[in-house]
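So you can see what is in the structure, the chains are spelled out below.
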Amino acid sequence: MTGKINKIILASKSQGRRDILVNLGINAEIFPTDADETLNGNYSPEQAVMELSQRKARKAIEMLNNTAALIITADTIVAYKNQIIGKPADIDDALGTLSMLSGSEHEVYSGITVSLNNKTLCGYDVTKVRFRKISREEINLYVKSENPLTKAGSYSAQGVGSTFIERIEGDFFNVVGLPVCKFASMLKTGWDLTVFDLKQAINKISENK
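About the thresholds
Residues numbered from 1 in each chain as written. Predicted model: local features only at pLDDT ≥ 70, side-chain atom pairs only at ≥ 80, totals over all residues. Heavy atoms only, no water. Helix = DSSP H or I, 4+ residues; strand = E, 2+ residues; numbered from the N terminus. Expected span 1.5 Å × (residues − 1). Contact = heavy atoms within 4.5 Å. Axes fitted to C-alpha atoms, helices over the stretch in contact; angles between N-to-C directions. Parallel < 35°, antiparallel > 145°, perpendicular 65-115°, else oblique. Left-handed = near helix turned anticlockwise from the far one by under 90°. Nonpolar A, V, L, I, M, F, W, Y, C, P; charged D, E, K, R; others polar. Phe/Tyr/Trp six-rings, centres within 6.5 Å; stacked < 30°, edge-to-face > 60°. Buried < 20%, exposed > 50% of the residue type's maximum accessible area, 1.4 Å probe, protein only. Salt bridge = Lys/Arg side-chain N within 4 Å of Asp/Glu carboxyl O.

Trainee: Looking at this model, I keep getting lost on helix α6 (residues 180–191). Mind explaining?
Mentor: Side chains three or four residues apart in an α-helix point the same way, a direct result of the helix having 3.6 residues per turn. Taking 1.5 Å of rise per residue, the twelve residues of α6 would be expected to cover 16 Å, and the 16 Å separating its terminal C-alpha atoms lies within 8% of that figure. Buried residues in α6 make contact with α1 (15–23), β3 (69–80), β5 (105–116), β6 (119–131), α5 (172–176) and α7 (195–208). Within two residues after α6, D192 carries a phi angle of roughly 55 degrees, on the positive side.

What follows is the structure, encoded as structure tokens:
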């Protein structure tokens, strides 16, 4: 199986997603697509993340034109009381979002699409996250120091943002941006592959360079 993979691509600029794969022993090539993330119409959270991850996959497939490349794309959003919350428009938006999430529960949805050998699978996972009550001072300091404008829901579950999280229900890595359990399941279902196979493929790719 691994002989059919000549590249492993993460089509994302997310450092969190890259770090997750590296921790799994998969040092993927980074290939952002800058796909259009505009959503017109009524999408449920799960429909939204799957649609956006598939758009990124389609663009990566077209740009790379390499059926032996295993391509991973993902998209993450926050939902609060059935309202989709993406990346904040500006600092004021980030302040408002974090104030709204303070002391309450929200859901984090991540869609993931995996493509290899002319086959593409798409799925999603959802994790419930509860924030402790966060002071206005903490919110202001966080927004000033942590660049929330690139994060769905205006926060990252890594670093200082982790101190806001009182508890989670579900896959923590889904909150970071890549649902690893769903990823492993898709690899097995679609191509009878495991993470260990991908690690072996990475080693072979490195040897052939």
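Trainee: Looking at this model, I keep getting lost on the packing of helix α3 (residues 91–101) against helix α4 (residues 136–145). Mind explaining?
Mentor: Geometrically, a packed helix pair is captured by the angle between its two axes and the distance between the axes. For the pair α3 and α4, the least separation of the axes is 10 Å and the interaxial angle reads 140 degrees. Judged by the angle between their axes, α3 and α4 are oblique. As for the relative orientation of α3 and α4, their crossing is right-handed in sense. Between α3 and α4, the contacting residues are I91, A94, L95, L98 and S99 on the first element and R136, I139, N140, Y142 and V143 on the second. Partitioning the contact of α3 with α4 into residue classes produces seven nonpolar, two polar and one charged.

Trainee: So what exactly am I meant to see when it comes to the packing of aromatic side chains here?
Mentor: Aromatic ring pairs: the centre-centre distance and the angle between the two ring planes describe each pair. In the structure shown here, the tally under the stated rule is five aromatic pairs. Arranged with centres 5.6 Å apart and planes meeting at 70 degrees, the rings of F172 and F173 form a pair that is edge-to-face. Classification of F172 as partly exposed rests on a relative accessible area of 34%. Residue classification places F173 among the partly exposed residues on the basis of a relative accessible area of 36%. Cluster of aromatic residues (ring-pair linked, three or more members): F131, Y142, Y155 and F164.

Trainee: What exactly am I supposed to notice about the pattern of salt bridges here?
Mentor: Side chains that differ in sign of charge can pair as their charged atoms come close. Evaluation of the coordinates by the stated rule reveals nine salt bridges. K13 is paired through a salt bridge with D34; the nearest N and O atoms lie 3.2 Å apart. Of this pair, K13 sits in the loop between β1 (7–10) and α1 while D34 is found in the loop between β2 (29–30) and α2 (45–64), placing the two residues 21 residues apart along the sequence. Comparing K13 with D34 shows no difference in burial state: the two are exposed. The partner of E138 in a salt bridge is R132, and the shortest N-O contact between them spans 2.7 Å. Several salt bridges share partner residues, and in doing so they unite E51, R55 and R58 into one network.

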